[in-house]
Amino acid sequence: MEKQVVRTDAAPAPFQGAPYSQAIRAGDLVFVSGQLALRPDHAEMVSEAIGEQTEQVFANLRAILEEAGSGLDRLVKTTVYLTDLGDFAGMNEVYAKHVGDEPPARATIEVSALPSGAKVEIEAVALIR
């Protein structure tokens, strides 16, 4: 099995000089790096609101998954990082809209901080179509 780097301009590029890819495709799976609420070519969060941040995270995940030949409907596992578990309900409301009736396995973890002052980061594993 070979790995293939996935890259799209429709989602934020890795931070300057950071040694990671937006995603890696390996066999029938794609592994998406943690996504923040940044728009492509912008260095600031879209908003302070957890719902708006989560919407942008899903826009980034969708763009990367589609570039890899997958989609949000093919998610099998996500990990959600929150800087405050008090934001869980707001994140979860948006999350539920994007993952459908057969949601992926998920872990949610509270962390002390995220890059760029983000409140939420989500990484994902999905099946290739």
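Provided above is the structure to which this section pertains.
Below: a short report on this structure. (Residues numbered from 1 in each chain as written. Predicted model: local features only at pLDDT ≥ 70, side-chain atom pairs only at ≥ 80, totals over all residues. Heavy atoms only, no water.)

## Focus on the packing of helix 1 (residues 50-67) against helix 2 (residues 88-99)
The packing of two helices is summarised by the inter-axis angle and the distance between the axes.
Then, number 1: The contact between helix 1 and helix 2 brings their axes to 8 Å, and the two run at 30°. When the axis of helix 1 is compared with that of helix 2, the two are roughly parallel. Considering how the two elements wind past one another, helix 1 and helix 2 form a crossing that is right-handed. Listed contacts from helix 2 to Ile 50, Gly 51, Thr 54, Glu 55, Phe 58 and Arg 62 of helix 1 are Gly 90, Met 91, Val 94, Tyr 95, Lys 97, His 98 and Val 99.
Then, number 2: Split into classes, the residues belonging to the contact of helix 1 with helix 2 amount to six nonpolar, four polar and three charged. (Axes fitted to C-alpha atoms, helices over the stretch in contact; angles between N-to-C directions. Helix = DSSP H or I, 4+ residues; strand = E, 2+ residues; numbered from the N terminus. Parallel < 35°, antiparallel > 145°, perpendicular 65-115°, else oblique. Left-handed = near helix turned anticlockwise from the far one by under 90°. Contact = heavy atoms within 4.5 Å. Nonpolar A, V, L, I, M, F, W, Y, C, P; charged D, E, K, R; others polar.)

## Some details on the environment of Arg 7
Then, number 1: Examined against the element boundaries, Arg 7 turns out to sit in the loop between strand 1 (3-6) and strand 2 (23-26).
Then, number 2: A relative accessible area of 39% places Arg 7 in the partly exposed class.
Then, number 3: Other than its neighbours up to four places away in sequence, Arg 7 contacts Ala 13, Gln 22 and Glu 67. (Buried < 20%, exposed > 50% of the residue type's maximum accessible area, 1.4 Å probe, protein only.)

## A closer look at the pattern of salt bridges
Then, number 1: In this structure the tally under the stated criterion is three salt bridges.
Then, number 2: For Arg 7, the salt bridge goes to Asp 9, with nearest N and O atoms at 3.3 Å.
Then, number 3: Taking the shortest distance from any N to any O, the salt bridge between Lys 97 and Glu 55 comes out at 2.7 Å. Separated by 42 residues along the polypeptide, Lys 97 in helix 2 and Glu 55 in helix 1 bring together distant segments of the chain.
Then, number 4: Lys 97 sits in the exposed class, given a relative accessible area of 57%. (Salt bridge = Lys/Arg side-chain N within 4 Å of Asp/Glu carboxyl O.)

## What to know about the sheet that holds strand 4 (residues 75-82)
In sheet architecture, strand pairing relies on hydrogen bonds along the backbone and comes in two forms, parallel and antiparallel.
Then, number 1: Here we have six strands laid out as an open sheet, ordered 1-2-3-6-4-5, and mixed in their pairing. Only two strands of the sheet have a single neighbouring strand rather than two, namely strand 1 and strand 5 (105-110). With direction set aside, neighbouring strand axes in the sheet form an average angle of 15°.
Then, number 2: When strand 4 meets strand 6 (residues 120-127), the two strands line up antiparallel, connected through seven bridges. In the strand pairing of strand 6, Val 80 is matched with Ile 122. (Pairing = 2+ DSSP bridges.)

## Details of the nonpolar core
Then, number 1: The biggest cluster of nonpolar side chains holds 32 residues, and the ones touching the most others in it are Val 30, Val 32, Leu 61, Val 120 and Ile 122.
Then, number 2: Those elements that place two or more of their residues in this core are strand 3 (29-35), helix 1, strand 4, helix 2 and strand 6.
Then, number 3: Here this core takes seven residues from helix 1, the largest share from any one element.
Then, number 4: The residues touching Val 30, leaving out its near neighbours within four places in the chain, are Val 6, Ala 23, Ile 24, Arg 25, Leu 65, Ala 68, Ser 70, Ala 124, Val 125, Ala 126 and Ile 128. (Core = buried A, V, L, I, M, F, W, Y, C linked by side-chain atoms within 4.5 Å.)

## Some words on unusual backbone geometry
Glycine aside, the phi torsion of most residues is negative, and most peptide linkages are trans.
Then, number 1: Positive phi, normally seen in glycine, also occurs at Asp 41, with a value near 65°.
Then, number 2: Positive phi, normally seen in glycine, also occurs at Ser 116, with a value near 60°.
Then, number 3: Mapped onto the elements, Ser 116 comes out in the loop between strand 5 and strand 6.

## Comments concerning the packing of aromatic side chains
Then, number 1: Going through the model one piece at a time under the given rule, you end up with one aromatic pair.
Then, number 2: Here Phe 58 and Tyr 95 contribute two aromatic rings whose centre-to-centre distance is 5.5 Å and whose plane-to-plane angle is 75°, an arrangement assigned as edge-to-face. Here Tyr 95 lies in helix 2 and Phe 58 lies in helix 1, a separation of 37 residues in the sequence.
Then, number 3: Phe 58 sits in the buried class, given a relative accessible area of 0%.
Then, number 4: The class of Tyr 95 is buried, set by a relative accessible area of 3%.
Then, number 5: The positively charged end of Arg 106 is found above the aromatic ring belonging to Tyr 95, 4.4 Å away from the centroid. (Phe/Tyr/Trp six-rings, centres within 6.5 Å; stacked < 30°, edge-to-face > 60°. Lys NZ or Arg CZ within 6 Å of the ring centre and 35° of its normal.)

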